[in-house]
Amino acid sequence: MPPLETSDVLVRAISKDGYVSAKVTDTTNAVAEICELQQCKRLAATALGRCLTSCVLIADGIEKEETFQVRFEGDGPLRGVLGISNGNLQMRGYVGNPQLDLPEASVGTAVGKGQLKIVRLKNLPGEERASPFSSIVAIETGEIAEDINSYVATSEQREGALGAGVAFFDNIEGGAVACSTGWRVELLPGAPDQVAQHLLRNVQAFLGLGLSSTDMRLRGETCEDIALRLLDGMEPEILESDARPTFFCQCSNERVYRTLALLPRDEIRQIIAQNEKIEARCEFCAKLYSMTAVDVANHLDEVDAAAAEERQKPTALKKSNDTR
């Protein structure tokens, strides 16, 4: 199949009565880059692409610094999948076994049974830093989008439907991503029953076409076309948007040092004694960080010295309210 000549995009639409929203996103470039960096085979890339695209669709609309994160911890051969997106639609994620490619296996089989862990980072009034809110639910299907949609519907009372898919180049071995898309429709507060029934019929008709949103994109349909399909008969309006999903990794030398500093000092000393060079690879972008044992030892000495100095600072004595 020919490559799509497009940049990643997220399109928003709303019904004329304001009761139903639709979002359609093309995440091909970002998902392709992430899967290439992690050398994902097709089954692993399908699971990861679905996860990343679903996170983008759910995260759209939150504040820029807030995040939506999902982690599938199943007992299948994929050994877990994680996806995260912030309000800027900057995404990242990884799978436990990127080399997994079982031609006859489904994503659900690859994920297996287990737990779906969701973490939302939210800005609360009066707080300087965002606070994490965590939830844990059972994995229902392992097909990624269905499980995330079920969580959002039951735990956050946001009724709707969610779909995501990945297609690959036929003439390239491995997991070269040719297209990655996803969509979400949602009933907004106050929607009457007849609107809910209309949306249900639209979703059933959309799924009944036998074509995924990825298939539609490869046939030449735009994200706007797909959004209008989902809101058929609702006099939809395409909203102005410059939303661009992107891959963004936060790894750095400083983060590697901070991670090492969390290890017990006896364990770090043993690592330093046994290795002249210490290496760490980022799970998100596969970048390799290399540092000498001397550099690590010097950095940790500085961290420990700063911590000791902080502990020695005098603290103000609190006045006692005891009236004895």
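Residues numbered from 1 in each chain as written. Predicted model: local features only at pLDDT ≥ 70, side-chain atom pairs only at ≥ 80, totals over all residues. Heavy atoms only, no water.

Turning to the overall build of the protein chain, a few remarks are in order. The number of helices and strands found in the protein chain is 10 helices and 13 strands. Considering only C-alpha atoms, the protein chain reaches an extent of 70 × 65 × 35 Å along its principal axes. A total of 324 residues make up the protein chain; the buried ones form 44% of that total. Taking the contacts inside the protein chain whose residues are at least 6 apart along the sequence as the reference set, 66% of them involve residues at least 24 apart. About 17,600 Å² of surface is accessible on the protein chain, with carbon and sulfur atoms providing 49% of the total. Placing the 34 positive and 48 negative side-chain charges of the protein chain at their respective mean positions leaves the two points 5 Å apart. (Helix = DSSP H or I, 4+ residues; strand = E, 2+ residues; numbered from the N terminus. Buried < 20%, exposed > 50% of the residue type's maximum accessible area, 1.4 Å probe, protein only. Contact = heavy atoms within 4.5 Å. Areas by Shrake-Rupley, 256 points an atom, 1.4 Å probe, with all protein chains shown as cover. Lys, Arg positive; Asp, Glu negative; His and termini not counted. Charge placed at Lys NZ, Arg CZ, Asp CG, Glu CD.)

This part takes up the pairing of strand S6 (residues 114–122). A regular strand places its side chains on the two faces of the sheet in alternate fashion. Across 8 bridges, strand S3 (residues 67–74) lies against S6 in antiparallel orientation. Across the sheet, the residue bridging to Glu 73 is Gln 115, located in S6. As paired strands, S6 and strand S7 (residues 131–138) are joined by 8 bridges and run antiparallel to one another. Within S7, the residue paired with Ile 118 across the bridge is Ser 135. (Pairing = 2+ DSSP bridges.)

With that settled, the discussion passes to helix H10 (residues 293–312). The terminal C-alpha atoms of H10 lie 29 Å apart, and with 20 residues this matches the ideal 28 Å at 1.5 Å per residue to within 8%. On its buried side, H10 packs onto helix H8 (253–261), helix H9 (265–274), strand S12 (277–281) and strand S13 (288–292). (Expected span 1.5 Å × (residues − 1).)

In this structure, strand S1 (residues 9–14) lies alongside strand S2 (residues 20–26), joined through 6 bridges in antiparallel fashion. Looking across to S2, one finds that Ile 14 is bridged to Ser 21. Hairpin connection from S1 to S2: 5 residues lie between these consecutive antiparallel strands, with Gly 18 at a positive phi of about 80 degrees. One ladder, built from 3 bridges, connects S1 with strand S10 (residues 237–239); its direction is antiparallel.

With that settled, the discussion passes to the pattern of salt bridges. Taken as a whole and judged by the stated rule, the model has 16 salt bridges. Close ionic contact of Glu 156 with Arg 158 constitutes a salt bridge, the shortest N to O distance being 3.3 Å. When the shortest N-O distance is used, the salt bridge between Arg 265 and Asp 304 registers 2.8 Å. Placement of the pair is Arg 265 in helix H9 and Asp 304 in helix H10, with a sequence separation of 39 residues. With a relative accessible area of 32%, Asp 304 lands in the partly exposed category. Through salt bridges with shared partners, a single network forms among Arg 120, Glu 156, Arg 158, Arg 184 and Glu 186. (Salt bridge = Lys/Arg side-chain N within 4 Å of Asp/Glu carboxyl O.)

This part takes up the nonpolar core. Counting 51 residues, the largest nonpolar core has Phe 68, Val 70, Phe 72, Leu 78 and Ile 148 as its most contacted members. Discounting residues that sit within four places of it in the chain, Phe 68 has contacts with Cys 55, Ile 58, Ala 59, Ile 62, Gly 83, Ile 84, Ser 85, Ile 118, Val 119, Arg 120, Ile 148 and Tyr 151. Formed by 21 residues, the second largest nonpolar core is a distinct cluster that contains Trp 183, Leu 199, Leu 230 and Leu 231. (Core = buried A, V, L, I, M, F, W, Y, C linked by side-chain atoms within 4.5 Å.)

The pLDDT averaged across the protein chain works out to 91; a share of 94% of its residues lies at or above 70. Scored below 50 in pLDDT, residues 317–324 makes 0 contacts in the model with residues more than four places away or belonging to other chains. (pLDDT = per-residue confidence, 0-100.)

The subject of this paragraph is the state of the cysteines. Tallied over the full model, the rule gives 0 disulfides. Free cysteine Cys 179: the closest other cysteine sulfur is in Cys 223, separated by 8.5 Å. As a non-bridged cysteine, Cys 282 has Cys 249 as the owner of its nearest cysteine sulfur, 3.5 Å distant. (Disulfide = S-S within 2.5 Å.)

Glancing now at the sheet that holds strand S5 (residues 90–95). Across the sheet, which stays open at both edges, the 6 strands sit in the order S7-S6-S3-S4-S5-S11 with mixed pairing between neighbours. Bordering the open sheet on either side are S7 and strand S11 (246–247), each of which pairs with just one other strand. In terms of strand pairing, S3 meets strand S4 (residues 81–86) through 6 bridges, oriented antiparallel. Its bridge partner lying in S4, Gln 69 is registered against Ile 84.

Attention shifts here to the packing of helix H1 (residues 28–37) against helix H2 (residues 42–59). Contact geometry for H1 and H2: axes closest at 10 Å, N-to-C directions at 135 degrees. With respect to H2, the axis of H1 lies oblique. Our pair here, H1 against H2, has a crossing hand that is right-handed. Of the residues in H2, those in contact with Val 31, Ile 34 and Cys 35 of H1 are Ala 45, Leu 48, Gly 49, Leu 52 and Thr 53. Of the residues belonging to the contact of H1 with H2, the class tally is 6 nonpolar, 2 polar and no charged. (Axes fitted to C-alpha atoms, helices over the stretch in contact; angles between N-to-C directions. Parallel < 35°, antiparallel > 145°, perpendicular 65-115°, else oblique. Left-handed = near helix turned anticlockwise from the far one by under 90°. Nonpolar A, V, L, I, M, F, W, Y, C, P; charged D, E, K, R; others polar.)

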